[in-house]
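Each chain is listed here by its residues.
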Amino acid sequence: MEEFVAHTRAFDSSVQTLEQHLLEVSGLAESFAEKLGAGDAGKLIGLLHDFGKYSQSFQCYIKSAQGYINSDKDDYVEFASLKGKIDHSTAGAQLIWTELNKLNCGPVGALCAQILALCVASHHSGLIDCLDSDGANNFNKRMKKDSAKTHLEECLEKSDLSIIEQAKSLLTKELIQKICAQLQLLTRNHQHGQEVSYKIQCFYLGFWTRYLFSCLIDADRISSADFENPGNKAFRREQHIDWSVPIERAESFFMGLPIKYEIDVIRRDISGRCKEKSVDPQGIYSLSVPTGGGKTYASLRYALHHAKHHQLDRILYVIPYTSIIEQNAEQIRKVLERDEDAENWVFEHHSNLEPEKQTWHSKLVSESWDSPIILTTMVQFLEILFSGGTRSVRRLHQLANTVIIFDEIQTLPISCTHIFCNALNFLTTYTNTTAVLCTATQPLLNKLREPKKGQLFLPQKNELIGSVDDVAELFKKLKRVEVINRIKQGGWTANEIASLAISELNNAGSCLIIVNTKAWAQKIYEMCALNIDSESLFHLSTSQCPAHRKKILDGIRLKLDKQEPVLCISTQLIEAGVDVDFGSVIRCLAGLDSIAQAAGRCNRHGKRSKGTVHIVNPEKENVESLPDILVGRDKADKVLREENIQDILSPETMTQYFQYYFFDRSDEMVYRLSKKQIGKDDNLLNLLSDNENNIGKNQLFFKKLLKHSFMTAGKAFKAIDAPTEAVIVPYGEGKEIIIQLCAVAKEFNPGQYYRLLKRAHKYSVNLFPNIREKLVDAQAIYEIQEGEGIYFLDERHYSDAFGVSVEPVNQLAFMGY
C-alpha cells in the first residue's frame, strides 16, 4: 500500500505520513476551536487542510526532494522549481464547499460552508479575499478552480480510508446546525444593552472566521514543528493552571509591602479594591488610577484572583512599548517566581526580532503562547487581531479564556479605534475573556462619535475603583505635583529650556526633561553638557537598546536614591510606567495624557510636600510627521487656554481633552486606506465587515455570505504608521550574541538559535524606515544569514551617548560576519 508523505525530518530522514499529520492537526484544531464552541468545525478543517497532498504531483515532488525517488526513475521531478507551486490547499476546501452545499441548508448552510472552505484554502497564504480590491468574486473563483489543478478527484480516490470516513461523519447537517447556533449569537441586533449595527455583525462573522483559522494554523504549525523536533512536546503545557500557587505568593508579597508614606496606604487600598472586584462577572473593566498609584501590582492581584475564580488559562499584559516590557516582567517575576519552580510563570514576547517573512527557522522557534502570564506589546497584539499571513494569527485563539490587562490604553493608535473596539467586544462576549483598561487618562472608548462603527461595551459600574466620585476622590488624594503652564508666544529655545532645567536641578536636586523628538533631546543634552558635570547628566531615547537604557536608568535611580544631582533628557519613552522619582519635570507641550504621564515621574512616591511640572513649548519644533503628537499638542493647548480649568490633571479635564481629540479625529478611526495602498480610497473597517464600497455586481452572490477582503486588509494593515524593523546592536553582550547567531544560523540548532534570539531582544533597536535606509546606504547593516530576516549593526554606528547613529561615531573594533 502506498505511503503518502506529509513531511520528512531533516536530521534522521524520518517520515510523517499524511494520515498521521491530518489526524494530529485535526485533534489539535478541535481542542483549540472548542473554546469557541466550534470543536467539530476545527476537527473538519484540520482533517482536510492538506487533503491535496494525496495527489501524485505532490507526492512525486516531496519524495524527489527528499531522495525517496531517484533521478533515474520515471516519476522523478525537478523539485527545486516546484516549491510552493503545487496546489494542495484547494482540494479540501472544494470538498467542504461542495459536500455541505449538497445538503440544501439554504443561505446559512452556504455561509457555514464558505467559512470552513475559506480557512482550508487559506492555510498557507493567510485568509484570502472573498471579494478582492477590484470587486471580483475571488472566493467563487477559487472554488471553481479546475479539478485537474486542484487534484480533488484524484485525492478522493487515493486518500486513506480513515480520513474519508471521518470527513463523511463530519460533513453533515448537524455540523451546520452547530455552527449556525454560534453565528446566530454574533448577529443579534442588541448586545449588552447596546445596538449592534449590520456593519459590526459582519465584522463579527469575519472575526469568528479568523479565530477558527487561527486554530487551524496553530495546530498545523505545532504538528509540523513537533515532528521536526520531538523534544518540543515535553514543553507543551497540558494541565490546567493551579492559580492558587501564584496567588499565595502574591498575597504574601503584597501584605509585606512596607508603609513608608501616605501614598503607600492609598496603593494598598487600590490593590484591595481590585481583589474585591475580581469575583465579578467577566467583561470589560476600567482601572482609572493616577500615575504612581500602583496599577501594575493592583492589576496583577485582580488578574490572579479573577483567573482562579473563573478558571481561566492565562493572563496577558499588553504594554505600549517594548522599552517597558522587561521592567514590568521583572516586577511580576519578583512577586511570583521562585528558583525551585520547574517552569517559569512569566514569558515576554517581544515582536521586534520576529522576521516579517517566516522561514522554517522562525516557525520552529516561535512561541505558541501557552505560558500562564505573557507580556507583549500593543503592536504585537494588534497584529494578532488584524495582520495578514499566518505568522501572528496563529496566537489569536490563545486570547480565549484569558484576562487581558491593557497598560496605558490611551496609547492605542487612533486609526485602530473602531476595529480594536469591535475585536475586544467579540473576545469578551464570545471567548470567555476579560479585559481591563488601565490608565490615569481613560480615552472614552465607550463614548465614540460614531458607535455604529464600533465602541466598547464598558458599563460605568465596571470601574474597579468604584463610582465616578470615588475616582475623583482618588485623584485628589494622589495629587503630588503642581503643573505650571509656561507656554509663551514664539516658544522656548533649546538654550532657554536648558537654563530652566539647570535652575530646577539646583532648586529641586533633580530634573527630568521630556521632549517630543530625538533631535530636541540631543540638542538640549548638548546645551546642558556645557554647564553641568557629566556624571549628573543622562540621555534616554529609543535609539538605545534596552540593555543600554536599563544601565542608564539603573544609574539614574541609584543617584536619585542617594539624593545626588540628576538631570535627564528623554523622549517620551520614560513616561509609560518607568519607575523614577524626580523633584522637577519639564514637559514639552504634548497631549494632556502625555503631560499626566510626565507628572507621574515627579514626586512619584510623595516624599516631598509637592513637586513641580513645567509645560513649555519649544520654538520651531518639527512634529508635522508625528500626527498623534501634533493633534494632541494642539488640543492640549486649547484646553489649557480655557478659563474654567481648575486642575489640569483631573479626570474632568482629561475628559474634555479627549472629547476634543476624538471629535476632530473621528474620521481617522476606521483606519483609512489610500489608492496607493489598495488601488482605491477605502478603510480597513469596511474591508473587514460589509465591504460596502466593494460589493457592486456581486450583491446577489454575497447577500448572505462573507464579503470580506481579508488578504487586502491584512497586507495593508500596520499597527503603527511608520513600521519599524529591528537590528541587533553590538552594545555590551550584544557583540558576542551577534557572533554566535551568525555561527548557529549556518548549522541550524533550534534550541540554541531560540535562546540567542531571546537574549538578543535586550540588544536590539527598532529603526524607522528613513533611518534604516540611511544605514543601509552607509553599509552599516548586515544580515545574520541571507533570507533569515535578522540583522545586526556595524559597531561604528553605535554611540555610548545616543545609541544608533547614521554617522560613524566609533573606530572599527568589531565585525560579526
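Read on for a plain summary of the structure. Quick caveat, the model's predicted, so the values are computed rather than measured. (Residues numbered from 1 in each chain as written. Predicted model: local features only at pLDDT ≥ 70, side-chain atom pairs only at ≥ 80, totals over all residues. Heavy atoms only, no water.)

1. A word on the state of the cysteines
Then, number 1: The final tally for this structure, using the stated rule, is zero disulfides.
Then, number 2: With no disulfide partner, Cys-202 has as its closest neighbouring cysteine sulfur the one in Cys-130, 11 Å distant. (Disulfide = S-S within 2.5 Å.)

2. Things to note about the packing of helix α1 (residues 18-33) against helix α11 (residues 198-228)
The packing of two helices is summarised by the inter-axis angle and the distance between the axes.
Then, number 1: Contact geometry for α1 and α11: axes closest at 8 Å, N-to-C directions at 140 degrees. Here α11 runs oblique to α1, going by the angle between their axes. The way α1 lies across α11 gives a crossing that is right-handed. Across the interface between the two elements, His-21, Glu-24, Val-25, Leu-28, Ala-29, Phe-32 and Ala-33 of α1 pack against Tyr-211, Leu-212, Cys-215, Leu-216, Asp-218, Ala-219, Asp-220, Ile-222, Ser-223 and Ser-224 of α11.
Then, number 2: Of the residues in the contact of α1 with α11, the class split is eleven nonpolar, three polar and three charged. (Axes fitted to C-alpha atoms, helices over the stretch in contact; angles between N-to-C directions. Helix = DSSP H or I, 4+ residues; strand = E, 2+ residues; numbered from the N terminus. Parallel < 35°, antiparallel > 145°, perpendicular 65-115°, else oblique. Left-handed = near helix turned anticlockwise from the far one by under 90°. Contact = heavy atoms within 4.5 Å. Nonpolar A, V, L, I, M, F, W, Y, C, P; charged D, E, K, R; others polar.)

3. A word on empty space enclosed by the protein
Then, number 1: Counted by the stated rule, this structure contains five cavities of 30 Å³ or more.
Then, number 2: By volume, the second largest cavity is sized at about 190 Å³.
Then, number 3: Pro-290, Thr-291, Phe-475, Leu-478 and Leu-649 are the residues nearest the centre of the second largest cavity, which is lined by 17 residues in total.
Then, number 4: In the lining of the second largest cavity, the residues fall into ten nonpolar, four polar and three charged. (1 Å grid on protein atoms, 1.4 Å probe; cavity = no way out; pocket = protein on both sides within 12 Å on 5 of 7 lines; lining within 4 Å. Points joined across faces, edges and corners; volume = space filled by probe spheres on them.)

4. A closer look at the packing of aromatic side chains
Then, number 1: Scanning the model with the defined rule gives 26 aromatic pairs in all.
Then, number 2: Here the aromatic cluster, defined as three or more aromatic residues joined through ring pairs, consists of Phe-203, Tyr-204, Phe-207, Phe-426 and Tyr-430.
Then, number 3: The ring of Tyr-660 carries the charged tip of Lys-638 above its face, separated from the ring centre by 4.1 Å. (Phe/Tyr/Trp six-rings, centres within 6.5 Å; stacked < 30°, edge-to-face > 60°. Lys NZ or Arg CZ within 6 Å of the ring centre and 35° of its normal.)

5. Some words on the side chain of Asn-686
Then, number 1: Relative to the helices and strands, Asn-686 resides in helix α27 (residues 684-687).
Then, number 2: Discounting chain neighbours no more than four positions away, the residues touching Asn-686 are Lys-199, Asn-691, Glu-692 and Asn-693.

6. Examining the environment of Glu-348
Then, number 1: Topologically, Glu-348 is positioned in strand β7 (residues 346-349).
Then, number 2: Classification of Glu-348 as buried rests on a relative accessible area of 15%.
Then, number 3: Separated by 31 residues in the primary sequence, Glu-348 and Tyr-317 have C-alpha atoms spaced 9.5 Å apart.
Then, number 4: Among all residues touching Glu-348, those that are not within four sequence positions of it are Ile-325, Glu-326, Ala-329, Arg-333 and Leu-375.
Then, number 5: In terms of polar contacts, Glu-348 uses its side chain to reach the side chain of Arg-333, at 2.8 Å. (Buried < 20%, exposed > 50% of the residue type's maximum accessible area, 1.4 Å probe, protein only. Polar contact = N/O pair within 3.5 Å; in protein donor to acceptor, adjacent residues only side chain to side chain.)

7. Considerations on the pattern of salt bridges
Then, number 1: In the structure shown here, the tally under the stated rule is 39 salt bridges.
Then, number 2: The salt bridge involving Arg-333 is made with Glu-337; its shortest N-O contact spans 3.6 Å.
Then, number 3: Looking at Arg-333, the relative accessible area reads 24%, which means it is partly exposed.
Then, number 4: Residue Glu-337 is classed as buried on the basis of its relative accessible area, which comes to 18%.
Then, number 5: Among the ionic pairs, Asp-628 bridges to Arg-665, the shortest N-O distance being 3.0 Å. Here Asp-628, found in helix α24 (residues 627-640), pairs with Arg-665, found in the loop between α25 (651-664) and β17 (672-673); they are 37 residues apart in sequence, far enough to count as distant.
Then, number 6: Looking at Asp-628, the relative accessible area reads 40%, which means it is partly exposed.
Then, number 7: Here Arg-665 falls in the buried class, since its relative accessible area comes to 2%.
Then, number 8: Three or more residues joined by partner-sharing salt bridges are found here, namely Lys-199, Asp-690 and Glu-692. (Salt bridge = Lys/Arg side-chain N within 4 Å of Asp/Glu carboxyl O.)

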